[in-house]
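Given next are the chains, with one letter for each unit.
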Amino acid sequence: MYYIIVNPASKSGRGAKIWAKIQPVLEQQKIPYKVFFSQEAGHVIKLTADLSASLLSLDSDFILKLIVLGGDGTLNEVLQGISDFDRVQVGYIPTGSSNDMARDLRLPKDPREVLKNILSCKKPARMDLGFLTYEQPPEKLSRHCGNNPASTRLFSVSSGIGFDAAVCEEALASKFKNVLNKIGLGKLTYLGIALKQLIKAKKVTCTITLDDKKKIHLPKFLFVACMIHQYEGGGFKFCPGADSGDGLINVCAVGNIPKWLILLALPTAFSGKHYRFHGIDHYTARRIHLETSMPLWVHTDGEVTMKCRSISLSCEQQKIQFLL
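Summarised in this report is the structure supplied together with it. (Residues numbered from 1 in each chain as written. Predicted model: local features only at pLDDT ≥ 70, side-chain atom pairs only at ≥ 80, totals over all residues. Heavy atoms only, no water.)

On to helix α3 (residues 72-81), then. In an α-helix, one turn spans 3.6 residues; hence positions three or four apart end up facing the same way. In terms of burial, α3 is largely enclosed, as nine of its ten residues are buried. Taken together, the buried positions of α3 are D72, G73, T74, L75, N76, E77, V78, L79 and G81. (Buried < 20%, exposed > 50% of the residue type's maximum accessible area, 1.4 Å probe, protein only. Helix = DSSP H or I, 4+ residues; strand = E, 2+ residues; numbered from the N terminus.)

Shown next as structure tokens:
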């Protein structure tokens, strides 16, 4: 039995259309399944938690096979609801705007091919997850979360603080994004918002501590991306060579670089060539602590819940089982 969680609203309704393509395949092959549809932000967490609680308590040998049909944000919500990762196997059919997880895993473009691979998978691939802790009460909650957000959060692709998270926060509420998504130009939303956020970005300092030892101080900080996979933000290869099973978080730190030079550097990040610019640096660690001089938006896989000035991140090695 497969349990399927569908975000019908992902990429402005594309999720519902893709579900309409793969449902007949399940019916034709007589694959037993139950499907659940998310209704609003945060609902996927509850759906996953309810499934985990009800099914995993029945039989100690039971394995929950969960198929997620949505974007990176939908997958992120699933992570928050899983109670026992050793007894859950996850298949992922991407339908979002960014699909950075799918890009790094090189999943087929045809969702029916992705489904075929999930159904035929005999040995799930184990991958790392990131674990984020907000070290202080938030100054401001995002409009996209509940009134009582968790003090910790898992992520599968990346987590960041500063400029990239601010872009995500604004994009989540953008009506223009929905219009562009419908004509296949959703990435232009992020470009426009990125330029706006870059212009209005205030001077902020940041201290990065790696594995409780090495400290890096950024007197002119823009953002820090902490990544399990290579891509973020719809194809930016911020951490080329990142290995999702090595137990390390890859860090892309952007600071001490003029704003005008950022405009030249960002396009090179699509091919992972941005480290040629002075002020853009790469690090790896198992544990990372970030302290900024003022509270900034924080994201996990593009999901933004709060502003904070002190966060810690660690890597949970080979925590999740993916059906590929």
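The next thing to look at is the environment of I93. Its place among the elements puts I93 in strand β4 (residues 88-94). Overall, I93 belongs to the buried group, its relative accessible area being 0%. Taking the C-alpha atoms as reference, I93 lies 9.5 Å from W19; in sequence the two are 74 residues apart.

It is worth spelling out unusual backbone geometry at this point. A negative phi angle is the norm for most residues apart from glycine, just as the trans form is the norm for most peptide bonds. At K30, a position not held by glycine, the phi torsion is positive, near 55 degrees. Not every positive phi belongs to a glycine, and D212 is a case in point at roughly 65 degrees. Among the secondary structure elements, D212 is positioned in the loop between β9 (204-210) and β10 (214-227). The exposed category is assigned to D212, whose relative accessible area is 60%.

With the rule as written, the count across this model stands at six aromatic pairs. When the centroid spacing of 6.0 Å and the interplanar angle of 35 degrees are considered together, the rings of F163 and F223 count as tilted. Here the residue F163 occupies a position in helix α6 (residues 163-172), and F223 occupies one in strand β10, the gap between them amounting to 60 residues. Taken individually, F163 and F223 each receive the classification buried, so the pair is uniform in this respect. The exposure class of F223 is buried, given its relative accessible area of 2%. An aromatic cluster is present here, built from F163, F223, F236, F238 and F270 joined pairwise through their rings. The ring of Y231 has R103 lying over it, and the distance from NZ or CZ to the ring centre is 5.9 Å. (Phe/Tyr/Trp six-rings, centres within 6.5 Å; stacked < 30°, edge-to-face > 60°. Lys NZ or Arg CZ within 6 Å of the ring centre and 35° of its normal.)

Once that is clear, we can look at the pattern of salt bridges. Counting across every chain of the model gives six salt bridges. Measuring nitrogen to oxygen at the nearest pair gives 3.2 Å for the salt bridge that ties R112 to D110. Take R112: its relative accessible area is 39%, and that puts it in the partly exposed class. In this structure D110 comes out as partly exposed when scored by relative accessible area, which is 28%. (Salt bridge = Lys/Arg side-chain N within 4 Å of Asp/Glu carboxyl O.)

What follows covers the packing of helix α2 (residues 43-56) against α3. Where α2 contacts α3, the two axes come as close as 7 Å, and the packing angle between them is 40 degrees. With respect to each other, α2 and α3 are oriented oblique. Like other packed secondary-structure pairs, α2 and α3 cross with a definite hand, here right-handed. Contact with α2, carried on its side by H43, V44, I45, T48, A49 and S52, involves T74, E77, V78, Q80 and G81 of α3 and no other residues of that element. Its residues assigned to classes, the contact of α2 with α3 shows four nonpolar, six polar and one charged. (Axes fitted to C-alpha atoms, helices over the stretch in contact; angles between N-to-C directions. Parallel < 35°, antiparallel > 145°, perpendicular 65-115°, else oblique. Left-handed = near helix turned anticlockwise from the far one by under 90°. Contact = heavy atoms within 4.5 Å. Nonpolar A, V, L, I, M, F, W, Y, C, P; charged D, E, K, R; others polar.)

A few words now on the environment of D211. By the element assignment, D211 lies in the loop between β9 and β10. D211 gets classed as partly exposed once you look at its relative accessible area, which sits at 24%. Setting aside residues no more than four positions away along its own chain, D211 makes contact with A285, R286 and R287.

Burial analysis of strand β8 (residues 158-162) places five of its five residues in the buried class, which makes it a mostly covered element. With five bridges joining them, β8 and β10 adopt antiparallel strand pairing. Across the sheet, residue G160 finds its bridge partner in β10, namely A225. Note: β8 against strand β13 (residues 287-300), three bridges, orientation antiparallel. Bridge pairing links I161 to V298 in β13. (Pairing = 2+ DSSP bridges.)

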